[in-house]
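Residue-level structural notes
Next come the chains, spelled out residue by residue.
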Amino acid sequence: MLRASAAAEEAGVPSSSLVCEGFVGQAGTTSAGLGMPNLPLAKVPGHVDVQTDDELRTNVLDVTVDDVIGNLTEQPPQAQALQEPDPREILFEGTFEEVNRLFMENGWSDGLPIVPPTMEKVQEFLAFTDRDPQESLGRLLPDNREATIWNVAVNGVMAGCRPEYMPILVALAEAMADPRYGVEHSGNTPGAETLIVLNGPLIKELNFNYEQGALRDGFQPNTSVGRFWRLYLRNVAGFLLHQNDKGTFGNTWRVVLAENEDAIRDMGWTTLGEDVGATRDANAITISRYTGGNVIVSVFGNSADQVLPYLADSLIKHTGWELCFTVGIATGTYQPLLVLSPVIAQVLAKSGLSKRDVQQWLFENARITAEKFEKYIGEYTNFVPGRRKLSDMVRFGQAPKIFGESDDPDRLVPLVCEPDDILIAVSGDPLRTNCYLFIHNGMLGYTTPSGIELPADWVAKLRVARNR
C-alpha cells in the first residue's frame, strides 16, 4: 500500500494510506526508506481482526475518515531528508566502553557489546575479498540503503567475526539483497528469524561446528556469522524494534547450521546446497526464514519403516497457519526444513532410501484432512477471504489439482505442493537419535542460495590468519 501511495504522490496524485494503529511507526519509517518521510497516513485505531463491525465502523468514522480527508486536501509539511555520514568518516574516538555506549544509544547494536569497527580492523576484513569496497551488492528495504563490501566488513567486525569469514559475509549480503528472499518482510509480525546453512570446504577450513551441539552458540564462526546477519538487518536494511520490526514476540538470531558433509557423502546423499542449486563441493550458503522449530526427540528404530512415521507426525503437528504459503497467500512457497542427525539419516540410507525417496514418502504420508487445512487458512486466520474450500480454490486456478480431488472434507491433502518443498539437511551429534524441524515463513523469507567467492590468494591468506 505504501509503495502504491508513493508512486501516486510521485505522479502528483494525492494519496492516503490506511494503517492500523500498531503499524503507524513502521509505516513512518518505511515511508522514509521510500524517499518520502512525510507520506500521508490515516490511522485505523486498534486492530481490525478483533473488532466487531460496530467498533470498526465507529473507529473509522471518528478517526480514519478525518485523516483521509486531510491527507487528500491538505499539503503535507516539508520533511527534512536524513543525511548519513560518509562511510569512511570517523564518527567518534574513545574507550571501548564509550564506543559501546554510543552504539547502544544510537540503536547500532543488538543489545550486546560490539567490537569497535576501527579503520584498521575493517581493512583486515577487506583483505579477504578481491572486490572493491564501494561495490554495491543491491539496495535493502525498508531503508533503501545500499549493501556494500565496505559496510559488510564494518558489521562483520562489530559482530565479532574473524577477517577470514569475510567471503561468507559478502555472500550473505548478496542473498539478503536477492529479490527472491524478500528482505522487506523481515519485520513481519510472526517474528520469524533467518537460518543460515553452510556447505563446502569452508566448514572445516574455518572450524565451523557441524557435530554435537549444532545450532548452539559457543563456536566463534557459527555464532558470530549468525550474529552478523541480525546486525546487518538492523544497521543496513534498517529493521529496528518498536519501529519497522513488528515481530509480536520475535526470535533471537540463529547460529549458522553447518552440514556434516562426511556423513552425507558416505550415504551417497546430496547436501542442502546441492539441492538448491550449488555444484558438488562448492562453498555456498542457503538462507531461509523460519517462524520456529522444535526437536524431534529419541527417534527410535533400525529401519525407515520405523523412523519415518515419527518424522511425518512431527511435520504435521508443527505446521499450522504457515499452510497459507502452500495454498492461500502464495502457492507453493512453504518449505519446512528437517535436520536429521547423521545416525538417523544413516538408518534411512541403509534402508535403501535416497534423500528424494524420503521427501516423497513424507509428501505422501505427512497429510491432514482438507477440513483442517481450510481451518488454518480461512477460519482460524483470515488469509483466504470468504473461507473458500480447497476444492473451490482448485476450480478457480488458485491451488494445485491434488488439493481438490473431491469435496470430501475428510480427504487427506499434503502440507506442501511438491516433495522437493520438504528440505532436508544432515547435522548434529553423530551418535544421538534426535532430529530438528524448522517451520517456514514461506515467501516472507523464501529459501535463497548464494555462492561464496574466495579471494585469489585464499590459501596463503588463510594460513596467515590461522597464525594470528
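Above this text sits the structure in question.
Described in the following lines is the structure provided in the data block. Not measured: the values here are computed from a predicted model. (Residues numbered from 1 in each chain as written. Predicted model: local features only at pLDDT ≥ 70, side-chain atom pairs only at ≥ 80, totals over all residues. Heavy atoms only, no water.)

**Some remarks on the overall build of the protein**
A tally of helices and strands in the protein yields 17 helices and 13 strands. A separation of at least 24 residues holds for 78% of the contacts in the protein among residues at least 6 apart in sequence. Put simply, the protein shows about 21900 Å² of open surface, and 51% of that area lies on carbon and sulfur atoms. (Helix = DSSP H or I, 4+ residues; strand = E, 2+ residues; numbered from the N terminus. Contact = heavy atoms within 4.5 Å. Areas by Shrake-Rupley, 256 points an atom, 1.4 Å probe, with all protein chains shown as cover.)

**Looking at the packing of aromatic side chains**
Evaluated as defined, the whole model comprises 11 aromatic pairs. Between Y165 and F208, the aromatic rings sit 6.3 Å apart at their centres with planes inclined by 50 degrees, giving tilted as the arrangement. Placement of the pair is Y165 in the loop between α6 (149-158) and α7 (166-177) and F208 in the loop between α8 (202-205) and α9 (220-237), with a sequence separation of 43 residues. F208 shares its class with Y165; the two are buried. Between Y436 and F438, the ring centres sit 4.8 Å apart and the planes meet at 45 degrees, which makes this aromatic pair tilted. (Phe/Tyr/Trp six-rings, centres within 6.5 Å; stacked < 30°, edge-to-face > 60°. Buried < 20%, exposed > 50% of the residue type's maximum accessible area, 1.4 Å probe, protein only.)

**Overview of unusual backbone geometry**
The residue after L141, namely P142, is reached through a cis peptide bond having omega 10 degrees. Inspection of the secondary structure assignment puts P142 in the loop between β3 (136-140) and β4 (145-148). Its identity is not glycine, yet L215 carries a phi of approximately 80 degrees, on the positive side. According to the relative accessible area criterion, L215 is partly exposed, its value standing at 30%. Unlike most non-glycine residues, H242 shows phi in positive territory, near 70 degrees. With respect to the element layout, H242 can be found in the loop between α9 and β6 (257-258). Judged by its relative accessible area of 75%, H242 falls in the exposed class.

**Notes on the packing of α6 against α9**
Two numbers describe how α6 lies on α9: the axes approach to 9 Å, and their chain directions differ by 125 degrees. By the angle class used here, α6 and α9 are oblique. Between α6 and α9 the crossing geometry is right-handed. Residues N151, V152, N155, G156 and M158 of α6 touch α9, and the partners they reach there are R227, F228, L231, Y232, N235 and V236. Considered class by class, the residues forming the contact of α6 with α9 number six nonpolar, four polar and one charged. (Axes fitted to C-alpha atoms, helices over the stretch in contact; angles between N-to-C directions. Parallel < 35°, antiparallel > 145°, perpendicular 65-115°, else oblique. Left-handed = near helix turned anticlockwise from the far one by under 90°. Nonpolar A, V, L, I, M, F, W, Y, C, P; charged D, E, K, R; others polar.)

**Details of the pattern of salt bridges**
If you walk through the whole model with that rule in mind, you get 20 salt bridges. R265 is the salt-bridge partner of E274, the closest N and O atoms lying 2.8 Å from each other. One salt bridge in this structure joins D392 and R395, with 2.3 Å as the shortest N-O distance. Taken as a pair, D392 and R395 lie in helix α16 (residues 390-395) at a separation of three residues, close to a single helical turn. Residues joined in a network through salt bridges with shared partners are R131, E135, E174 and E453. (Salt bridge = Lys/Arg side-chain N within 4 Å of Asp/Glu carboxyl O.)

**Observations regarding the packing of α6 against α7**
At a minimum axis distance of 10 Å, the contact between α6 and α7 shows a crossing angle of 120 degrees. Our classification of the angle between α6 and α7 gives oblique. Note that α6 runs across α7; the crossing there is right-handed. Contacts from I149, V152, A153 and G156 of α6 reach α7 at M166, L169, V170 and A173. Residue composition of the contact of α6 with α7, grouped by class: seven nonpolar, one polar and no charged.

**Some words on the nonpolar core**
Of all hydrophobic cores here, the largest spans 57 residues; its most connected members are I168, L172, V225 and I285. Considering each element in turn, this core owes the most residues, 10 residues, to α7. Among all residues touching I285, those that are not within four sequence positions of it are I168, A171, L172, A175, I196, V197, L198, T448, P449, S450 and I452. Counting 48 residues, the second largest nonpolar core, distinct from the first, contains W269, I344, A345 and C417. (Core = buried A, V, L, I, M, F, W, Y, C linked by side-chain atoms within 4.5 Å.)

So far we have only geometry, and geometry alone does not tell us how the molecule works.
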